[in-house]
Amino acid sequence: EAGVVQSPRYKIIEKKQPVAFWCNPISGHNTLYWYLQNLGQGPELLIRYENEEAVDDSQLPKDRFSAERLKGVDSTLKIQPAELGDSAVYLCASSLDSGSDTQYFGPGTRLTVL
Amino acid sequence: QKEVEQDPGPLSVPEGAIVSLNCTYSNSAFQYFMWYRQYSRKGPELLMYTYSSGNKEDGRFTAQVDKSSKYISLFIRDSQPSDSATYLCAMTAYTGGFKTIFGAGTRLFVKA
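The rules we used
- Residues numbered from 1 in each chain as written.
- Chains lettered and ligands numbered in written order.
- Predicted model: local features only at pLDDT ≥ 70, side-chain atom pairs only at ≥ 80, totals over all residues.
- Heavy atoms only, no water.
- Core = buried A, V, L, I, M, F, W, Y, C linked by side-chain atoms within 4.5 Å.
- Buried < 20%, exposed > 50% of the residue type's maximum accessible area, 1.4 Å probe, protein only.
- Helix = DSSP H or I, 4+ residues; strand = E, 2+ residues; numbered from the N terminus.
- Pairing = 2+ DSSP bridges.
- Axes fitted to C-alpha atoms, helices over the stretch in contact; angles between N-to-C directions.
- Phe/Tyr/Trp six-rings, centres within 6.5 Å; stacked < 30°, edge-to-face > 60°.
- Contact = heavy atoms within 4.5 Å.
- Salt bridge = Lys/Arg side-chain N within 4 Å of Asp/Glu carboxyl O.
- Polar contact = N/O pair within 3.5 Å; in protein donor to acceptor, adjacent residues only side chain to side chain.

(A) Structural context of the nonpolar core. If you look at the biggest cluster of nonpolar residues, it comprises 26 residues, and the most contacted ones within it are Trp35, Ile72, Leu74, Tyr87 and Met91 of chain B. Mapped onto this core, the elements with two or more residues apiece are strand S3 (19-25), strand S4 (30-38), strand S5 (45-50), strand S7 (61-66), strand S8 (71-76), strand S9 (85-93) and strand S11 (106-111) of chain B. Here this core gets 5 residues from one element, more than from any other, and that element is S9 of chain B. Counting residues in hydrophobic clusters, the runner-up holds 22 residues, among them Cys23, Ile79, Leu111 and Val113 of chain A.

(B) Structural view of the sheet that holds S3 of chain B. Residues and elements named next belong to chain B. The strand order across the open sheet built from 5 strands is S1-S3-S8-S7-S6, with neighbouring strands paired in antiparallel fashion. Two strands close off the open sheet at either side, each with one partner strand: strand S1 (4-6) and strand S6 (54-58). Averaged over neighbouring strand pairs, the angle between their axes works out to 15° when direction is ignored. Pairing of S7 with S8, which is carried by 6 bridges, proceeds in the antiparallel orientation.

(C) Spotlight on the pairing of S3 of chain B. All names here are of chain B. Side chains Val19, Leu21, Cys23 and Tyr25 project from S3 onto a buried face, and the interleaved Ser20, Asn22 and Thr24 project onto a face without burial. Where S1 lies against S3, 3 bridges are found, and the strand directions are antiparallel. Note that in S3 the partner of glutamate 5 across the bridge is threonine 24. Relative to S8, S3 is paired through 6 bridges, and the arrangement is antiparallel. Paired with cysteine 23 across the two strands is isoleucine 72, which belongs to S8.

(D) View of the packing of aromatic side chains. For the structure shown, the criterion picks out 13 aromatic pairs over all chains. On the basis of an interplanar angle of 90° and a centroid distance of 5.6 Å, the ring pair of phenylalanine 105 of chain A and tyrosine 36 of chain B is categorised as edge-to-face. Taken together, the positions of phenylalanine 105 of chain A in strand S10 (residues 104-105) and tyrosine 36 of chain B in strand S4 put the pair across two chains. Side by side, phenylalanine 105 of chain A and tyrosine 36 of chain B carry an identical accessibility label, which is buried.

(E) Structural context of the interface of chain A and chain B. With 22 residues of chain A at the contact, the number on the chain B side is 19 residues. Linking chain A with chain B are 0 salt bridges. Our count for the contact surface shared by chain A and chain B stands at 3 residue pairs in polar contact (both at pLDDT 80 or more). In terms of residues, the side of chain A that touches chain B owes the most to one element, strand S4 (residues 31-37) of chain A, which gives 3 residues.

The following block contains the structure:
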């Protein structure tokens, strides 16, 4: 079974530039999560999707971050414009549904903003 | 105060040692408790998942939950160099909406 796929794995951009991350969850998983992980910290939830619906985006900085999950499968997380403090690892995870506590994580995208 | 506290380490042990990793939490609404292992430049992978107080064993790993003390532990027996990683505790509450909070992770080094 293929795991959660994320791309790109690494991204270096200059501040004020836009950036997008892509995630393909495990087939059949209805719930998709985007997390932010700073160095030496645990993942922090940015947004959670149930199928196409964003059911928890309370921690998403909506002035610069946006996300979408068209057709309830793949998802894209965008930052525009990026700031120096956005440098971190962006993790995508999926689970069968929100009632399942088994979240499967992708390898993450490491973003460096210069 | 954070909802979940975890000592960041690093923790360095010799091969074959018993390792004890711990987390404390403040929110009594947490019902499900997980331990994830994260290798460098990889995503976290689920190791153990428990619901009730008590112990759960899986091979060399034992997860322990004490809800009365709001304290969870992960024990690793016969530790191996391949166990060197960051171990993250996580816990989920459904009261007032779904919420999963991760600890900051403990870096473990097992020396051969």
